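# Structural description and commentary
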Amino acid sequence: MSGTEIRKVTAHIGAQVSGVDIAHPLPAETVAALRAALNEHKALVFDDVDLDDEGQQAFARHFGDLTTAHPTVPAVDGAPHVLPVDSERGRANHWHTDVTFVLNPPQASTLRSITVPPYGGETLIANSASAYRSLPEPLRLLADTLWAEHTNDYDYAVPDEEVDEDKAEQRAQFTSINFRTAHPVVRVHPLTGERGLFIGGFAQRIVGLSVAESRKILDLLQAYVTRPENVLRWRWSPNQLVLFDNRITQHYAIDNYNGLPRRLHRVTVAGDVPVGIEGKESYSIAGDASHYTSVHTPQA
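In short, a report on the structure. All values derive from a computational prediction rather than experimental measurement. (Residues numbered from 1 in each chain as written. Predicted model: local features only at pLDDT ≥ 70, side-chain atom pairs only at ≥ 80, totals over all residues. Heavy atoms only, no water.)

## What about the pairing of strand 5 (residues 108-115)?
Across the eight residues of strand 5, six count as buried, placing the element largely inside the fold. Here five bridges tie strand 5 to strand 13 (residues 241-245), and the two strands are oriented antiparallel to one another. Of the residues in strand 13, the one forming a bridge with T110 is L243. Pairing of strand 5 with strand 15 (residues 263-269), which is carried by seven bridges, proceeds in the antiparallel orientation. (Buried < 20%, exposed > 50% of the residue type's maximum accessible area, 1.4 Å probe, protein only. Helix = DSSP H or I, 4+ residues; strand = E, 2+ residues; numbered from the N terminus. Pairing = 2+ DSSP bridges.)

What follows is the structure in structure tokens.
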């Protein structure tokens, strides 16, 4: 780890890493140091990376087995673990944690810049552990008891008249297999023991409550996640890679670049089944994601 520098970007989330060439196999001690930095900072940024799709996958494999690109969305041709995050194929301009509608969502996500617009196109990443810690005690005690159903057939919040043929096709593809999973609203991180709010855009209903009641509670809790002090706003440059802990963050791709080309490639690391504060694991209600990820136990 000689020469490696890890520099905080904000008080609550994010660090830039220099002095590590992630285009080559990393020694175990370097991987352990990066894991520790990820546990602490939740999101790590690497500049001037010399990676192609194979290299991105090789780097991500340092942290565990890979998922396929996505349960329903096609991968990059010839690279089944790589998801193109392309402005021409839809925009993830809503707060979410990746693929929480399956039983064991990814533990970590990597995003690599391919095409960067001349302005805009930032990615916001929020620390859901600091959000949980900032809850007033009555809200925290309530959140500790709640479970939420997550589904890929979520409320897009787009009026039907604004959904053109391309958007309708993208939505149909995204929901071609219906997934529904119940997760604890407060998830315990398997490596750090931290508690974080495990909600986001795919969380549609609190178990035992109506949709209308659920929305009020979820919106209230979500407002703590997205407080500015909990958020890293990352402006992309060419040849960057961002690694973030999908178990204890949410993210949002800002649609503020006037439809200019924007493309990232995403590779995700398979995760474990979430566990709530009482030790109860998440459970699947609908949808088989075995083609996407096998069920993993926590990895030290």
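## Observations concerning helix 4 (residues 137-145)
Among the residues making up helix 4, those that are buried are L139, A143 and D144. The buried residues of helix 4 all sit within an arc of 140° when viewed along its axis, so they share a single face. Among the exposed residues of helix 4, those pointing more than 90 degrees away from its buried face are P138, L141 and T145. Contacts made by the buried residues of helix 4 are with helix 3 (128-133), strand 9 (186-188), strand 10 (195-197) and helix 6 (211-225). (Arc of directions from axis to C-beta. Contact = heavy atoms within 4.5 Å.)

## Observations concerning a negative patch on the surface
Judged by side-chain charge, D21, D50, D52 and E54 come together as a negatively charged surface patch. Here D52 is to be found in the loop between strand 3 (43-46) and helix 2 (53-61). (Patch = residues over 30% accessible without salt bridge, like charges linked within 9 Å, V, L, I, M, F, W, Y side chains within 5 Å. Areas by Shrake-Rupley, 256 points an atom, 1.4 Å probe, with all protein chains shown as cover. Salt bridge = Lys/Arg side-chain N within 4 Å of Asp/Glu carboxyl O. Lys, Arg positive; Asp, Glu negative; His and termini not counted. Charge placed at Lys NZ, Arg CZ, Asp CG, Glu CD.)

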